[in-house]
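# Secondary and tertiary structure notes
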Protein chains: 2
Amino acid sequence: MRQRVLTAVVGLGILAVVMLIFNTPGFNAVISALCILAVYELLSAVKCNKPRGLLVLSLTVAAAVPFTGAYIFASVPRFLSALFAVVLLYFIVLLKGFGTLRAEKAALAFFFALIVPVFFCAAVMLRDSFGMAVGGLYLLWALGAAWLTDTGAYFAGIYLGKHKLAPVISPKKTWEGAAGGILAATFCMALVAFLYSLLMYRLGMPIRVDYLRLLLLTPVFSVIGMFGDLAASAVKRQYGVKDFGTMMPGHGGVMDRFDSVLFTMPSVYIAVCNISVVTLLV
Amino acid sequence: MRQRVLTAVVGLGILAVVMLIFNTPGFNAVISALCILAVYELLSAVKCNKPRGLLVLSLTVAAAVPFTGAYIFASVPRFLSALFAVVLLYFIVLLKGFGTLRAEKAALAFFFALIVPVFFCAAVMLRDSFGMAVGGLYLLWALGAAWLTDTGAYFAGIYLGKHKLAPVISPKKTWEGAAGGILAATFCMALVAFLYSLLMYRLGMPIRVDYLRLLLLTPVFSVIGMFGDLAASAVKRQYGVKDFGTMMPGHGGVMDRFDSVLFTMPSVYIAVCNISVVTLLV
């Protein structure tokens, strides 16, 4: 427990530094590094890290998307060119490893190498579309909906947990924990937004937060985050893996902490592209 | 052989009808039907047609892309929303079928359900971007580069074939056949383009064909088509399947005839978005 809190504190320190470079290409590099670590852990867990070509290709795709995504997605021919090139390369890897590499293994590697960076890339798109002050809170929203839910569910589950939510896939999850997670995320997130808006006011970038929309949408992201957590648990269980890694003492691997973020990040981006929740006042 | 020629003649008749409705939503429907058949055959071949939910979801995605692609790809939030929704649905299918459905099987179904319609959709994009007269020849180019290569390689292989190209994956292919396929495709395609331009002139839609670029690019598409053929053979061999289906007597399934088209179609689209080969004169 002490180790868990310590890692969390270090993690929040890193997050603070990341927020300081949010508006620079350094942020793209952080997302790129996150994608590399996440895809590496995922491919290792599902035993798709061999042959070497499959791993190298997947990590290259994961690393490139956060830098090139904005350029690639801006036009249909460009997007199709990139996708076509990547698919050709996966088929070349499949043909080269024909005797040992099954098509379904290659497909699973392709799936993670595509989905992980495209979804995490929503963080970069939040900044590019909404700017520093507004995009920054949206980013914290995606992280908060995931992590505050996890933490709230953990404590609510310990003290109140009785009815199993998914005994086969993830035996420790309870309905009481889920409810506690949603409540904790919703109210703590409103507090985070309030403190963030005070900070932005101080920094000369006043923002207006629509708290009603925030309170109504956070439970949605909270549920989506829990679904992501459950999906990751299902994958881990199928391949007989307890954690995705050991990089973060007490928390497991990077993907153990970011599995729900992988789903909340695109959700927040999609939602705020359609419904305005935070606006810049200047 | 007689059956093979007969099927080919019927197929060319269907192609003529398809060209007549090229400029209507009927063409989107034809591509949609092609995607449904192709994905159905592929999932059956690689044994990803169970559970039922996986098959239904994959066929729905395959059917929808040719109608909605132009709308979805026009904006980044829309594209991300569609991709996110599809990924969520695949994870729901995975969680529901947790005991029997492996993640890698679901990933292979996802791969085919995504790649097949997105690549074939290039046919619709050729029409939408270049109009009827020019887009029509580009479409024939993609089909011609695939089918003329297949036919040329077949006869050249029979009469001249000596050196095996890929003995493990596809024992009947020879280097002599490949060379004959490229030559046949290149020169027959120039003839097709010439006849097509005469027809368009008669129809009051005169076009100008850059024959040098046509002769230089066709071998590239020809090689890409053969690669697609080889990739499909590799998948069939890994799953112990001889043909993808029996719908087209003498030719096998739809995917046996369209495996190289799956790769030439996006190639032609990507190429002509960057290099103009056919232009409308009015």
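Residues numbered from 1 in each chain as written. Chains lettered and ligands numbered in written order. Predicted model: local features only at pLDDT ≥ 70, side-chain atom pairs only at ≥ 80, totals over all residues. Heavy atoms only, no water.

On to the packing of aromatic side chains. Inspection of every chain in the model, using the stated rule, returns 36 aromatic pairs over all chains. With 5.1 Å between their ring centres and 85° between their planes, A:F130 and A:Y138 make a pair best called edge-to-face. With relative accessibility at 25%, the residue A:F130 sits in the partly exposed group. Look at A:Y138 and you get buried, because its relative accessible area is 1%. Between B:F227 and B:F263, the aromatic rings sit 6.2 Å apart at their centres with planes inclined by 80°, giving edge-to-face as the arrangement. Linking B:F227 in helix 8 (residues 211–238) with B:F263 in helix 10 (residues 261–274), this pair joins segments that are 36 residues apart in sequence. The exposure class assigned to B:F227 is buried, which follows from its relative accessible area of 18%. For B:F263, a relative accessible area of 3% translates into the label buried. (Phe/Tyr/Trp six-rings, centres within 6.5 Å; stacked < 30°, edge-to-face > 60°. Buried < 20%, exposed > 50% of the residue type's maximum accessible area, 1.4 Å probe, protein only. Helix = DSSP H or I, 4+ residues; strand = E, 2+ residues; numbered from the N terminus.)

Now for helix 7 (residues 175–202) of chain A. Residues and elements named next belong to chain A. With 28 residues, helix 7 ought to run about 40 Å at 1.5 Å a step, and its terminal C-alpha atoms sit 41 Å apart, in line with that. Among the residues of helix 7, G177, A178, G180, G181, A185, T186, M189, A190, A193, Y196, S197 and M200 are the ones counted as buried. Where helix 7 is buried, its residues meet helix 1 (2–20), helix 6 (122–160), strand 1 (164–166), strand 2 (170–174), strand 3 (207–209) and helix 8 (211–238). Note on helix 7: the residue one or two positions beyond its end, G204, has a positive phi of about 80°. (Expected span 1.5 Å × (residues − 1). Contact = heavy atoms within 4.5 Å.)

Chain A puts 47 residues into the contact, and the matching count from chain B is 47 residues. Both sides together, the interface formed by chain A and chain B hides about 4700 Å², and carbon and sulfur atoms give 84% of it. Among the residues chain A hides against chain B, the three largest losses belong to A:F84, A:F98 and A:Q238. Together they make up 16% of the total. Here chain A and chain B share 2 salt bridges between them. Among the ionic pairs, A:K105 bridges to B:E104, the shortest N-O distance being 3.8 Å. The interface formed by chain A and chain B includes 10 residue pairs in polar contact (both at pLDDT 80 or more). Of the residues forming the side of chain A that touches chain B, the biggest block, 13 residues, is contributed by helix 4 (residues 76–96) of chain A. Partitioning the side of chain A that touches chain B into residue classes produces 40 nonpolar, 3 polar and 4 charged. (Buried area = accessible area lost by both parts, 1.4 Å probe. Salt bridge = Lys/Arg side-chain N within 4 Å of Asp/Glu carboxyl O. Polar contact = N/O pair within 3.5 Å; in protein donor to acceptor, adjacent residues only side chain to side chain. Nonpolar A, V, L, I, M, F, W, Y, C, P; charged D, E, K, R; others polar.)

So, on to helix 8 of chain B. Over its 28 residues, helix 8 of chain B runs 41 Å from end to end, which matches the ideal 40 Å to within 8%, given 1.5 Å per residue. Its maximal kink placed at B:L217, helix 8 of chain B deviates by approximately 25°, while the proline B:P219 follows within four residues. (Bend = angle between axes of the 7 residues up to and from the residue.)

This brings us to the pattern of salt bridges. A full pass over the atoms with the stated rule returns 16 salt bridges over all chains. A salt bridge links B:D128 to B:R127; the nearest nitrogen and oxygen atoms lie 3.1 Å apart. A network of salt bridges, in which partner residues are shared, links A:R102, A:E104 and B:K105.

All names here are of chain A. Where nonpolar side chains cluster on the molecular surface, the patch consists of M1, V5, V9, Y154, F155, I158, Y159 and L160 and spans about 850 Å² of accessible area. Where the nonpolar patch is concerned, the elements lending two or more residues are helix 1 and helix 6. In terms of residue count, the dominant contributor to the nonpolar patch is helix 6 (5 residues). Within the secondary structure layout, V5 lies in helix 1. (Patch = residues over 30% accessible without salt bridge, like charges linked within 9 Å, V, L, I, M, F, W, Y side chains within 5 Å. Areas by Shrake-Rupley, 256 points an atom, 1.4 Å probe, with all protein chains shown as cover.)

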